[in-house]
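# Analysis of the macromolecular model
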Amino acid sequence: MDIETMKKIVDGAPEWAKYWNTRMGCYTKGNVKYSSNIDLDGLRSQLTKHDTLDLEPADIPHGTIVLEE
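Quick summary incoming for the structure in this document. Quantities reported herein were computed from a predicted structural model and do not represent experimental measurements.

### Digging into the environment of Leu-43
Summarising the element assignment, Leu-43 is placed in helix α2 (residues 40-53). Not counting residues within four places of it along the chain, the set of residues in contact with Leu-43 comprises Met-1, Met-6, Ile-9, Val-10 and Ile-38.

Written as structure tokens, this is what we have:
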């Protein structure tokens, strides 16, 4: 799944939603983890990691130490 699709899913999620069901193309709050359900908190976490890795040198304040992974 590409970053733009992940952002659309997360941004469109209702407050009650816990998962995005890839097979049905809808949000769910079910307690059962089906293989077609993607955890929205996991998507948010991946997006946060991606956003922090997308920084350009101009985005980093002078004097900041950047640690490579």
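Let's pick the thread back up.
### Side note on the nonpolar core
Judged by nonpolar contacts, Met-6, Ile-9, Val-10, Ala-13, Ala-17, Trp-20, Leu-40, Leu-43 and Leu-47 together constitute the single largest core of 9 residues. Secondary structure elements with two or more residues in this core: α1 (3-11) and α2. In this structure Val-10 touches Leu-43, Arg-44 and Leu-47, once residues within four positions along its chain are discounted.

### As for the packing of aromatic side chains
Applying the stated criterion to the full structure yields 1 aromatic pair. Relative to Tyr-27, the ring of Trp-20 lies with its centre 4.8 Å away and its plane at 65°, an arrangement referred to as edge-to-face.

### Focus: the sheet that holds strand β1 (residues 19-21)
Taken in spatial order, the 3 strands line up as β2-β1-β3 in an open sheet, and their pairing is antiparallel. Strand pairing shows two members of the sheet lacking a second neighbour, β2 (26-28) and β3 (37-39), which therefore form its edges. The sheet shows a mean angle of 35° between the axes of neighbouring strands, direction not considered. Note that β1 and β3 share 3 bridges and pair antiparallel. Directly across from Trp-20, in β3, lies its bridge partner Ile-38.

What counts, and at which threshold
Residues numbered from 1 in each chain as written. Predicted model: local features only at pLDDT ≥ 70, side-chain atom pairs only at ≥ 80, totals over all residues. Heavy atoms only, no water. Helix = DSSP H or I, 4+ residues; strand = E, 2+ residues; numbered from the N terminus. Contact = heavy atoms within 4.5 Å. Core = buried A, V, L, I, M, F, W, Y, C linked by side-chain atoms within 4.5 Å. Buried < 20%, exposed > 50% of the residue type's maximum accessible area, 1.4 Å probe, protein only. Phe/Tyr/Trp six-rings, centres within 6.5 Å; stacked < 30°, edge-to-face > 60°. Pairing = 2+ DSSP bridges. Axes fitted to C-alpha atoms, helices over the stretch in contact; angles between N-to-C directions.

Such coordinate-based values are descriptive only and should not be taken to indicate function.
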